[in-house]
Amino acid sequence: METLAQVRSEATLERLLCHPELPLVAGWDTDRPAIRIWEHTAGQLREVGGVGADSAGYDAVGRDRFRRTPSAAWHPREPRLVVADGTSTVCWTPSGVTTVDGVPPTGYRRHVVFAPDGRGLWLSPAGGEDGGESSVALDIASGATTVGPRWDTGIVAHPGGGLLATLQSDQGATLVLFSRDDGPVLRPLRRALILDCDGYGTPIFSPDGRHLAVRGNAYDHSLEVFGFPSLRRVLGLTLGDPNPGYPYPQEWLDGMRAWSRHNVAFGPTPGVLWIGTPGGVVVEADIDGAQVTEHEVLPGSAVTALTAAATGELVVAGAGTLLVLSDRRADRTEREAAAVTEFLAGTTEATTVDLDHLDLTDGNRTWQPGDLETVTDVSDSDPTWLRIQAAMNRRT
């Protein structure tokens with residue numbers, strides 16, 4: 001690994017988000033609801049602005065931390081970052097920070113993304129009375145809003161174009177929903193992934209579009225990788241020690257806190273996944289060949305966040321440090337648009353988004369609409385959501 005740029009940061013960063021085209025990266029402050037922004041040019045990292053630098057620090061109570069942690073999204077082409085929480089929505093540009101008008105208020109933690117064409121904002125939950133079960137799309141120019149289905153965490157576009165992926169989380173099970181990107185709001189398709197429990201991060205497509213990774217969950221530092229468009233699971237592992245069950249030993253809780261929840265990224269080399277660790281090592285994992293190579297990049301500091309830039313470089317954060325790294329062996333490939341065409345040809349728009357009306361897969365098994373209504377026999381190795389479904393069926 002070659003270090004292209006390195007800078008000391010006043011804050012430790014817990015999450016990083018690169019602009020999809022420009023050399024800009026946003027970083028979430030670990031201690032307060034603030035986002036800092038750097039520009040990477042000419043081999044240097046330069047802080048160019050941010051949002052919330054003067055905000056009060058998080059309270060020790062976890063609920064305050066959850067409620068106040070902001071969501072943010074880059075415009076697909078312009079240097080514009082929108083930042084939202086439960087009380088306000090603002091936009092950063094190199095000229096400064098302005099308030100985004102027309103966004104309905106909500107008492108919930110809010111997630112935000114730009115519409116694929118950059119002309120609108122998609123926010124979830126919608127806010128207002130009964131707004132927790134829906135999202136809202138805001139046309140920035142006119143201020144008009146359109147109500148859409150519930151989604152959470154974030155929305156990611158397939159690099160080949162034409163398809164979006166997001167989550168619809170529930171404590172028992174989380175759905176990875178797919179949608180065409182040609183409408184004013186999300187329109188989920190019938191074919192969906194189902195994951196156990198909740199607490200996952202936004203899905204990540206590989207640059208060539210042939211893999212989809214999901215980092216989670218609320219009870220384990222899990223990592224699952226699925227082939228696309230097959231949705232067959234090709235990798236599943238737990239980072240750190242597996243969940244020992246309640247009551248949780250203090251040693252295990254300390255290990256859980258040591259791992260970043262935003263520490264996974266695909267690099268430009270097909271089939272290669274990068275994972276940041278608490279030991280300052282970035283692991284290069286070959287998905288197909290099951291080969292692992294370790295790169296020590298932050299001696300004496302945990303990797304607190306990791307992501308990939310649109311041009312393929314890795315951006316890594318540690319305690320007060322931000323790095324841009326390059327793998328000189330990387331061999332970039334063309335984005336796989338044909339995978340989207342194949343996926344769309346095998347599904348249709350969903351009329352209802354629930355377990356009884358979707359074509360579901362967990363990467364190994366599949367369930368068609370109605371199949372889950374008859375499930376009664378399960379084992380301890382089955383996911384929690386399936387065991388709950390079987391228990392409910394046995395009572396009827």
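Because the structure is a prediction, the values reported are computed rather than measured.

1. Points about the pairing of strand β15 (residues 163–168)
Piece 1. Counted residue by residue, β15 has six buried out of six residues, so it is predominantly covered.
Piece 2. Of the two faces of β15, the one lined by Leu 163, Ala 165 and Leu 167 and the one lined by Leu 164, Thr 166 and Gln 168 are each fully buried.
Piece 3. For strand β14 (residues 152–157) and β15, the ladder comprises four bridges, and the chain directions are antiparallel. Bridged to Ala 157 within β15 is Leu 164.
Piece 4. Remark: five residues form the turn of the hairpin made by β14 and β15, two consecutive strands paired antiparallel; Gly 161 in that turn has positive phi of roughly 85°.
Piece 5. Examined bridge by bridge, β15 and strand β16 (residues 173–180) share six bridges and lie antiparallel to one another. Opposite Leu 163, over in β16, you have Arg 180 as the bridge partner.
Piece 6. Counting the residues between successive antiparallel strands, the hairpin from β15 to β16 contains four residues.

2. Digging into the nonpolar core
Piece 1. Ranked by internal contacts, the top residues of the largest apolar core, which has 20 residues, are Leu 163, Val 176, Phe 178, Phe 205, Phe 228 and Phe 343.
Piece 2. For this core, the secondary structure elements donating two or more residues are β15, β16, β17 (191–196), β19 (211–216) and α3 (337–345).
Piece 3. Per element, the largest residue contribution to this core is four residues, and it comes from α3.
Piece 4. If near-sequence neighbours (up to four positions away) are discounted, Leu 163 is found in contact with Val 156, Ala 157, His 158, Phe 178, Ser 179, Asp 181, Leu 189, Phe 228, Val 340, Phe 343 and Leu 344.

3. A word on the sheet that holds β16
Piece 1. Overall, mixed pairing links the six strands, which are arranged β14-β15-β16-β17-β29-β30 in an open sheet. With one partner strand each, in any of the chains shown, β14 and β30 (366–367) form the two edges of the open sheet.
Piece 2. Sheet strands in contact with α3 are β15, β16 and β17, and its direction is about 60° off that of β15.
Piece 3. Helix-sheet contacts for helix α4 (residues 384–394) involve β16, β17 and β30, and the interaxial angle to β17 is about 95°.

4. Remarks on the sheet that holds strand β6 (residues 71–74)
Piece 1. In spatial order, the strands read β6-β7-β8-β9; together these four strands make up an open sheet with antiparallel pairing. In this open sheet, the two edge strands, each paired with only one partner strand, are β6 and β9 (96–99). Adjacent strand axes in the sheet meet at a mean angle of 25°, parallel and antiparallel pairs treated alike.
Piece 2. Note that strand β7 (residues 81–84) and strand β8 (residues 89–93) share four bridges and pair antiparallel. Across the sheet, residue Leu 81 finds its bridge partner in β8, namely Trp 92.

5. Here we look at the side chain of Ser 179
Piece 1. With respect to the helices and strands, Ser 179 occurs in strand β16.
Piece 2. Of the residues examined, Ser 179 reaches a relative accessible area of 3% and is grouped as buried.
Piece 3. Looking at Ser 179, its side chain comes within polar contact range of the main-chain nitrogen of Arg 187, at 2.9 Å.
Piece 4. Sequence-distant contacts of Ser 179, that is, excluding residues within four places in its chain, are made with Gly 162, Leu 163, Leu 164, Leu 186, Arg 187, Pro 188 and Leu 189.

6. Quick word on the pairing of strand β11 (residues 120–124)
Piece 1. With five of its five residues buried, β11 lies for the most part within the structure.
Piece 2. Going residue by residue along β11, you find Gly 120, Trp 122 and Ser 124 tucked away on one face and Leu 121 and Leu 123 tucked away on the opposite face as well.
Piece 3. With four bridges connecting them, strand β10 (residues 111–114) and β11 associate as antiparallel partners. Bridged to Val 112 within β11 is Leu 123.
Piece 4. Between β10 and β11, which follow one another and run antiparallel, lie five residues, and Gly 118 among them has a positive phi close to 80°.
Piece 5. Pairing of β11 with strand β12 (residues 134–139) involves four bridges; the strand directions are antiparallel. Bridge pairing in β12 links Gly 120 to Asp 139.

7. Description of α4
Piece 1. Looking at α4, one finds that the buried residues are Trp 385, Leu 386, Gln 389, Ala 390 and Asn 393. For α4, the buried positions fall inside an angular range of 135° around the axis, keeping them on one side.
Piece 2. In this structure, the buried side of α4 is in contact with β16, β17 and β30.

8. Digging into the packing of aromatic side chains
Piece 1. The tally for this structure, following the rule as stated, stands at eight aromatic pairs.
Piece 2. Consider the rings of Trp 367 and Trp 385, whose centres lie 5.2 Å apart with planes at 80°: the pair is edge-to-face. Remark: Trp 385 occurs in helix α4 and Trp 367 occurs in strand β30; sequence separation between them is 18 residues. An identical accessibility class is assigned to Trp 367 and Trp 385; each is buried.
Piece 3. Taken together, Phe 178, Phe 205, Phe 228 and Phe 343 form an aromatic cluster joined through their ring pairs.
Piece 4. Note that Arg 15 overlies the ring of Trp 28, its terminal NZ or CZ placed 4.3 Å from the centroid.
Piece 5. It is Arg 65 that lies over the ring of Tyr 58; its NZ or CZ is 4.1 Å from the centre.

9. Remarks on the pattern of salt bridges
Piece 1. In the structure shown here, the tally under the stated rule is 16 salt bridges.
Piece 2. In this structure, Glu 224 engages Arg 233 in a salt bridge whose closest nitrogen and oxygen atoms are separated by 2.9 Å.
Piece 3. What makes Glu 224 buried here is its relative accessible area of 11%.
Piece 4. Here the residues in one salt-bridge network are Glu 10, Asp 29, Arg 36 and Glu 47, joined through shared partners.

Calculation notes
Residues numbered from 1 in each chain as written. Predicted model: local features only at pLDDT ≥ 70, side-chain atom pairs only at ≥ 80, totals over all residues. Heavy atoms only, no water. Buried < 20%, exposed > 50% of the residue type's maximum accessible area, 1.4 Å probe, protein only. Helix = DSSP H or I, 4+ residues; strand = E, 2+ residues; numbered from the N terminus. Pairing = 2+ DSSP bridges. Core = buried A, V, L, I, M, F, W, Y, C linked by side-chain atoms within 4.5 Å. Contact = heavy atoms within 4.5 Å. Axes fitted to C-alpha atoms, helices over the stretch in contact; angles between N-to-C directions. Polar contact = N/O pair within 3.5 Å; in protein donor to acceptor, adjacent residues only side chain to side chain. Arc of directions from axis to C-beta. Phe/Tyr/Trp six-rings, centres within 6.5 Å; stacked < 30°, edge-to-face > 60°. Lys NZ or Arg CZ within 6 Å of the ring centre and 35° of its normal. Salt bridge = Lys/Arg side-chain N within 4 Å of Asp/Glu carboxyl O.

Everything listed here is a matter of geometry and, on its own, says nothing about what the molecule does.
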